[in-house]
Amino acid sequence: MAQRWVLTETEVRPATPEDVDELRLLVAWSERGHLRFQTSRMAQIVQAGLIQTVHQGGRMAGFFYVTMDNPNSSVRGLVVRPGYQTPAVLEPAMEWIVSAGAALGSLSVVFIGDDRWLVPHLQRAGFERAGEIVGLHRPGSFLPVEGNVSCRVRPAASADVDQVVEVDWSAFEGPWQNGRQTTLEFLAQMPYFLVAEQDGRLLGYVCGTNQGRSGHIVRLAVRREAQRRGIGTRLLREVLQRMAAAGARALSLNTQRENVQSQAFYRALGFTLTRRPTSVYRYHF
């Protein structure tokens, strides 16, 4: 992956632990910030080399966090320092992303959001609207349905990564598939990451985090041939129990608007739609 990209007086370089305080200040100061990660984990994310900073004239103009992966990468954060124009950060960021994506063989980069200050610039950079996601919510800290009790549910381990990717690719269509890098990041950053296995073979997984008094499911996937056997229900029940022990009293998640099968599954478990859909934009390499 590209580690450095220089354009005239603009430099893109990985954030260092010494940058963490300034990154946090930029998040607090700037009104132009797109964040789809917990800033409380900023130091951990920086330590993993996942944030790139944009410098102009020796000063940090902003930063971006893009998980570069194969087949699909994802924009998780972009912040512009007050006094700088959005293109001053986005344009060198896109140069870096294109270089890194070519090196990895990425097929696309996904951006989820409707940030009015950012979306027009993304569209000019080549992102196209590619659908919507909807949010669902379920009150309560107990799921009364047990699901599949014959499978074993346990915390995921680093040795599970390849099988987790297999599950993901089986469960989702190409544009939504996570690769190895994204999975490793989730494993490192998600407080809750459970897998369901039977006879040593992973059949599904779930990962998420607590957000105040609510738990949030980031990903739930079950192998296509193992669906409709109660495995997803079992995983949701198990992860909700663990989240509730840490204070969660509700559960939220997102899914594609067009995925009616997924929405029907969640509705049967007491979830309801909570807000208007959020747009998905995609840049194709």
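Here the structure is a predicted model, which is why all the values come from computation and not from measurement.

S.K.: So what about the overall build of the protein? Which residues, and what values?
M.R.: In terms of regular secondary structure, the protein is built from eight helices and 15 strands. Taken over C-alpha atoms, the radius of gyration comes to 19 Å for the protein, in line with the 19 Å a tight globule of 285 residues would show. Reported as C-alpha extents along the three principal axes, the dimensions of the protein are approximately 60 × 35 × 35 Å. In the protein, which comprises 285 residues, the proportion classed as buried is 55%. The long-range fraction of contacts in the protein, counting pairs at least 24 apart against all pairs at least 6 apart in sequence, stands at 73%. A total of about 13,100 Å² of accessible surface is found on the protein, and carbon and sulfur atoms cover 50% of it. Looking at the protein, you have 32 positive and 26 negative side-chain charges, and the mean spots of the two groups are 8 Å apart.

S.K.: Report on the pattern of salt bridges, specifying residues and quantitative values.
M.R.: Throughout the structure, instances matching the rule amount to 15 salt bridges. Here arginine 180 makes a salt bridge to aspartate 162, at a shortest N to O gap of 2.4 Å. Taken together, the positions of arginine 180 in helix α6 (residues 180-189) and aspartate 162 in helix α5 (residues 161-171) put the pair 18 residues apart, joining distant regions of the chain. For arginine 180, a relative accessible area of 44% translates into the label partly exposed.

S.K.: A description of the packing of α5 against α6 should follow, citing residues and the corresponding values.
M.R.: When two helices pack together, their arrangement is given by the angle between their axes and by how far apart the axes lie. In the contact formed by α5 and α6, the axes pass within 10 Å of each other and the chain directions differ by 115 degrees. By the angle between their axes, α5 is roughly perpendicular relative to α6. The handedness of the crossing between α5 and α6 is right-handed. Of the residues in α6, those in contact with Val161, Asp162, Val164 and Val165 of α5 are Arg180, Thr183, Leu184 and Leu187.

S.K.: Account for empty space enclosed by the protein, naming residues and giving values.
M.R.: Going through the model one piece at a time under the given rule, you end up with one cavity of 30 Å³ or more. Approximately 60 Å³ is the volume found for the largest cavity. What lines the largest cavity is simply Phe64, Val66, Val75, Leu78, Leu90, Ala93, Met94, Ile97, Phe111, Leu118 and Leu122. Among the secondary structure elements, those contributing two or more residues to the lining of the largest cavity are β5 (59-67), β6 (72-80) and α3 (86-104). It is α3 that contributes the most residues to the lining of the largest cavity, four residues altogether. Here the residues of the lining of the largest cavity sort into 11 nonpolar, no polar and no charged.

S.K.: Any chance you could break down the environment of leucine 203 for me, citing the residues and the numbers?
M.R.: Within the secondary structure layout, leucine 203 lies in strand β11 (residues 201-211). The spatial distance from the C-alpha of leucine 203 to the C-alpha of arginine 224 is 9.0 Å, given a sequence separation of 21 residues. Not counting residues within four places of it along the chain, the set of residues in contact with leucine 203 comprises Val167, Ala196, Glu197, Gln198, Ala221, Val222, Arg223, Ala226, Arg229 and Ile231.

S.K.: Outline helix α1 (residues 20-29), supporting the account with residue identities and numerical values.
M.R.: Every buried residue belonging to α1 is among Val20, Leu23 and Leu26, and all of these are buried. Mapping the buried residues of α1 onto a view down its axis gives an arc of 120 degrees, with all of them on the same face. Projecting away from the buried face of α1 at angles above 90 degrees are the exposed residues Asp21 and Ala28. Looking at the buried side of α1, the elements it contacts are α2 (42-47), β4 (51-56), β5 and β6.

S.K.: Which residues make up the environment of glutamine 123, and what values go with them?
M.R.: Tracing the chain through its elements places glutamine 123 in helix α4 (residues 119-124). Spatially, the C-alpha atoms of glutamine 123 and glutamine 263 are 29 Å apart, while their sequence positions differ by 140 residues.

S.K.: Please give an account of the pairing of strand β10 (residues 192-198) that cites residues and values.
M.R.: Among the seven residues that make up β10, six are buried, leaving the element largely enclosed by the rest of the structure. Pairing analysis gives four bridges linking strand β9 (residues 152-155) to β10, with the strands arranged antiparallel. Each bridged residue has a counterpart across the sheet, and for proline 155 the counterpart in β10 is leucine 194. Where β10 meets β11, seven bridges bridge the pair, whose relative direction is antiparallel. Looking at β11, one finds that leucine 194 is bridged to valine 206.

Conventions we followed
- Residues numbered from 1 in each chain as written.
- Predicted model: local features only at pLDDT ≥ 70, side-chain atom pairs only at ≥ 80, totals over all residues.
- Heavy atoms only, no water.
- Helix = DSSP H or I, 4+ residues; strand = E, 2+ residues; numbered from the N terminus.
- Rg over C-alpha atoms; globule rule 2.2 N^0.38 Å.
- Buried < 20%, exposed > 50% of the residue type's maximum accessible area, 1.4 Å probe, protein only.
- Contact = heavy atoms within 4.5 Å.
- Areas by Shrake-Rupley, 256 points an atom, 1.4 Å probe, with all protein chains shown as cover.
- Lys, Arg positive; Asp, Glu negative; His and termini not counted.
- Charge placed at Lys NZ, Arg CZ, Asp CG, Glu CD.
- Salt bridge = Lys/Arg side-chain N within 4 Å of Asp/Glu carboxyl O.
- Axes fitted to C-alpha atoms, helices over the stretch in contact; angles between N-to-C directions.
- Parallel < 35°, antiparallel > 145°, perpendicular 65-115°, else oblique.
- Left-handed = near helix turned anticlockwise from the far one by under 90°.
- 1 Å grid on protein atoms, 1.4 Å probe; cavity = no way out; pocket = protein on both sides within 12 Å on 5 of 7 lines; lining within 4 Å.
- Points joined across faces, edges and corners; volume = space filled by probe spheres on them.
- Nonpolar A, V, L, I, M, F, W, Y, C, P; charged D, E, K, R; others polar.
- Arc of directions from axis to C-beta.
- Pairing = 2+ DSSP bridges.

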